[in-house]
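Summary of structural features
For reference, the chains in residue letters:
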Amino acid sequence: MATFHCRSAFISDVHLGTPDCKARYLLDFLRKLRCEKLYLVGDIIDMESLARRTWWHADHGAVIAEVLDLARRGVEVIYIPGNHDAPVRGLAGQSFGGVKIALDAVHEGADGRRYHVSHGDEFDPEQVGRTWMVHLGEVMHRFICWTNRRVHAMRSRMELPYLPLSIIVKSHIGKALAYIRAYEERVANDARERGFDGHICGHIHFGHVRDMDGVLYLNDGDWVEHCTVLVEDHTGAMELIHWSEQVAPLGRASREVVLPSPAAALALAPLTRAKLDLSELRPAA
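What comes next concerns the included structure. Being a predicted model, the structure only gives us computed values, none of them experimental.

Looking only at helices and strands, one finds seven helices and 16 strands in the protein chain. Per-residue burial for the protein chain yields a buried fraction of 52% across its 285 residues. Taking the contacts inside the protein chain whose residues are at least 6 apart along the sequence as the reference set, 68% of them involve residues at least 24 apart. When the accessible surface of the protein chain is split by element, carbon and sulfur atoms take 57% of a total near 12900 Å².

Counting 34 residues, the largest nonpolar core has Ile-11, Phe-29, Leu-30, Leu-33, Leu-38 and Trp-223 as its most contacted members. If you list the elements that add at least two residues to this core, you get strand E2 (8-11), helix H1 (23-32), strand E4 (37-40), helix H3 (58-72), strand E5 (76-79), strand E7 (99-101) and strand E13 (228-232). Here this core takes six residues from H1, the largest share from any one element. With 18 residues, the next largest nonpolar core counts Phe-10, Val-209, Leu-240 and Leu-250 among its residues.

Under the definition given, this model contains seven aromatic pairs. Each ring, one from Phe-29 and one from Trp-243, has its centre 5.0 Å from the other, and the planes form 75°; the classification is edge-to-face. With Phe-29 in helix H1 and Trp-243 in the loop between strand E14 (238-242) and strand E15 (248-253), this residue pair connects regions lying 214 residues apart in the sequence. Of the two residues, Phe-29 and Trp-243, both sit in the buried class. Between Tyr-179 and Tyr-183 the ring centres are 6.4 Å apart and the planes differ by 25°, which places this aromatic pair in the stacked class. Highlighted residues: Tyr-179 and Tyr-183, both in helix H6 (residues 174-194), separated by four residues, approximately one helical turn. Taken together, Phe-4, Phe-29, Trp-223 and Trp-243 form an aromatic cluster joined through their ring pairs.

The residue His-203 is located in the loop between strand E10 (198-201) and strand E11 (208-212) in this model. Of the residues examined, His-203 reaches a relative accessible area of 14% and is grouped as buried. Within the structure, His-203 has its side chain in polar contact with the side chain of Asp-124 (distance 3.0 Å). With residues near it in sequence (within four places) discarded, His-203 still touches Ser-12, Asp-13, Asn-83, His-119, Gly-120, Asp-121, Asp-124 and Tyr-183.

Definitions and cut-offs
Residues numbered from 1 in each chain as written. Predicted model: local features only at pLDDT ≥ 70, side-chain atom pairs only at ≥ 80, totals over all residues. Heavy atoms only, no water. Helix = DSSP H or I, 4+ residues; strand = E, 2+ residues; numbered from the N terminus. Buried < 20%, exposed > 50% of the residue type's maximum accessible area, 1.4 Å probe, protein only. Contact = heavy atoms within 4.5 Å. Areas by Shrake-Rupley, 256 points an atom, 1.4 Å probe, with all protein chains shown as cover. Core = buried A, V, L, I, M, F, W, Y, C linked by side-chain atoms within 4.5 Å. Phe/Tyr/Trp six-rings, centres within 6.5 Å; stacked < 30°, edge-to-face > 60°. Polar contact = N/O pair within 3.5 Å; in protein donor to acceptor, adjacent residues only side chain to side chain.

Here's what the structure looks like:
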């Protein structure tokens, strides 16, 4: 089995305990991963969903077992709970099975750049509440995930690679894009005010590498819709990678260059096209 080497890896929004979780792809990545640090950046186990109904697949338990095995083998594993696994926040400062629990973290890259790491739900607009608009958005999101699950099953039977339908849908909804851009601005502004070189988060299920006036906005995406992981190589360069039957690099940020640029916005494109546009990139070694 080929291995994937990097210095650090950042994973969030796995949502174990839901049928939409693409645990098999994540399990494949974790079994090949060789790194020094692994950050679990929130919403790893969907405790909200499990409180409503019990649903668990054997692959979900295997993901947890693989994370614990990485910690046992000497990988520093930091678990930063999100809004869907918020009860774990009460255990901040403790360690379980070698996995350290923290509310947030500061990651220093191999090139000396400093990043604030948090799940990202703290950057939701203050006016977001349990309004009918929020409920409507949740219904639409569940429908998109349901459709994505059906399309994935059909393509799997046809031996076609995974296609994240939701990223295509989101890229054509103006209000969704406006929300994403406003969110990115809030995150980048907070990192700038705190004196960080960048911020690493998840939460909005939209992986992106973006330079925002000298501050790096790095979103590691999710394993419900897009199956993406953010990795740091041993030079300190950060790279966003889609991981399924076809491994596709989606963006890279080193001290010298940031791809994609804000204008290119390749994270909005279907992965098949992004793979062609970024063919000169390679997974971090």
